[in-house]
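Structure at a glance
One letter stands for each residue in the lines below.
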Amino acid sequence: MYQLFKLFFTALLCCGFLFSQQAVAKDCYEQSPFLAESEDDYYNLEDTVALSAKEKATLATLLKGIQGKWKGTGQYTECRGPDRAPRTLSKTAAIEAKILSASKTKVNVHAKIHIKEKRIKRTEKLDIPNLTNVYALSFTKNGALIFSERYRRSNARNVKPKKPKASSNTVSIIDKIINIDATPAPKKQTKKLSSRLVEVIYEVRRDGPTLSIIRSHYTNGVYVAEEKWALRKN
């Protein structure tokens, strides 16, 4: 399966289709490029990527170059409404991030995010990349790292999502969009809960003193939201 995704990536790169996501606008509810390629492989989460020695070296070089303190802005876009008439909502935020080495193939990102218009301050931690959930990984000609992270999340029934206070909000806006901050179902749940497949396609690019991190969010294979961080070395 990994070889299939690798060939798909290579084809897109050669034809110029594989995004700079900054230049290619996505439409609400459009398919993930990986779902369009192979629906069976898209929902098969048994095999994560296995990097070659060359890929590991390239990844280690890129991750080493983005370590340190960064500061900049974030643009958050989410899709709302029915398929026939979707609309987008946008928010901006001030971001301070610290990126630390976790291994040769992973860094930890610790970010402080302030959305002034909503008076929301929150913190966020993420791994780039988390290879235990990565199902495709490649590098563009301009040196960007692109990978697809996927996992399943249960759909809790008859449970109202928590509504955190703005002053103590540590839940991602994008997480709220795809409703992953719901209270867990009771332990005595007798019926099997359905689940949805959550995918996040990352693009990470270092260009001199600037760093771009883009996360495109998909639920069951359709585009629902995006985060774009534009940072400078602090």
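Residues numbered from 1 in each chain as written. Predicted model: local features only at pLDDT ≥ 70, side-chain atom pairs only at ≥ 80, totals over all residues. Heavy atoms only, no water.

This next bit is on the packing of aromatic side chains. All chains considered together, the criterion is met by three aromatic pairs. Ring geometry for F147 against Y202: centres 4.5 Å apart, planes inclined by 10°, an arrangement best described as stacked. In this pair, F147 sits in strand β6 (residues 145-154) while Y202 sits in strand β7 (residues 195-207), placing the two residues 55 residues apart along the sequence. Taking relative accessible area as the criterion, F147 reaches 0% and is therefore assigned buried. Residues Y218 and Y223 carry aromatic rings whose centres are separated by 5.8 Å and whose planes lie at 65° to one another, so their mutual orientation is edge-to-face. We classify Y223 as buried; its relative accessible area is 4%. (Phe/Tyr/Trp six-rings, centres within 6.5 Å; stacked < 30°, edge-to-face > 60°. Helix = DSSP H or I, 4+ residues; strand = E, 2+ residues; numbered from the N terminus. Buried < 20%, exposed > 50% of the residue type's maximum accessible area, 1.4 Å probe, protein only.)

Another aspect to go through is the pairing of β7. Relative to β7, β6 is paired through ten bridges, and the arrangement is antiparallel. Pairing of S154 across the sheet is with S195, part of β7. Where β7 meets strand β8 (residues 210-219), ten bridges bridge the pair, whose relative direction is antiparallel. Note on β8: the bridge partner recorded for V204 is I213. The turn joining β7 and β8, which pair antiparallel and follow one another in sequence, is formed by two residues; a positive phi near 65° is taken by G208. (Pairing = 2+ DSSP bridges.)

Core analysis: the biggest nonpolar cluster contains 32 residues, and I128, L145 and W229 have the highest contact counts within it. When residues in this core are grouped by element, the largest group, five residues, is from strand β3 (residues 106-115). Once you skip the residues sitting within four places of it in the chain, L145 turns out to touch L59, L62, I128, L137, S138, F139, Y202, E203 and V204. The next biggest cluster of nonpolar side chains, apart from the first, holds eleven residues, and it includes C79, L197, I201 and Y223. (Core = buried A, V, L, I, M, F, W, Y, C linked by side-chain atoms within 4.5 Å. Contact = heavy atoms within 4.5 Å.)

Sheet strands pair via backbone hydrogen bonds, and the direction of the pair is either parallel or antiparallel. Reading across the sheet, the nine strands line up as β4-β3-β2-β1-β9-β8-β7-β6-β5 and stay open at both edges, with antiparallel pairing between neighbours. Strands with a single pairing partner mark the edges of an open sheet, and in this sheet they are β4 (120-128) and β5 (134-139). Put simply, the sheet's adjacent strands are angled 20° from each other on average, direction ignored. (Axes fitted to C-alpha atoms, helices over the stretch in contact; angles between N-to-C directions.)

Its place among the elements puts H217 in strand β8. Separated by 2.8 Å, the side chains of H217 and E227 make a polar contact. (Polar contact = N/O pair within 3.5 Å; in protein donor to acceptor, adjacent residues only side chain to side chain.)

For the coordinates displayed, the defined rule picks out ten salt bridges. Residue E78 pairs with R80 through a salt bridge whose shortest N-O separation is 2.5 Å. Among the residues examined, R80 registers a relative accessible area of 36% and is labelled partly exposed. In this structure, the salt-bridge partner of D127 is K106, at a minimum N-O distance of 4.0 Å. With a gap of 21 residues between them, D127 in strand β4 and K106 in strand β3 connect regions that are remote in the sequence. Using a relative accessible area of 25% as the deciding quantity, one classes K106 as partly exposed. Through salt bridges that share partners, R122, E124, R215 and E227 make up one connected network. (Salt bridge = Lys/Arg side-chain N within 4 Å of Asp/Glu carboxyl O.)

Moving on, we come to the environment of L131. When you line up the elements, L131 lands in the loop between β4 and β5. Through-space distance from the C-alpha of L131 to that of T105 is 8.2 Å; in sequence the pair is 26 residues apart.

Excluding glycine, most residues fall at negative phi; most peptide bonds, likewise, are trans. For the bond from I128 to P129, the omega torsion is -25°, close enough to zero to count as cis. Its location among the elements puts P129 in the loop between β4 and β5. Positive phi, normally seen in glycine, also occurs at R119, with a value near 50°. Within the secondary structure, R119 is located in the loop between β3 and β4. The backbone of N220 sits at a positive phi, close to 50°, despite the residue not being glycine.

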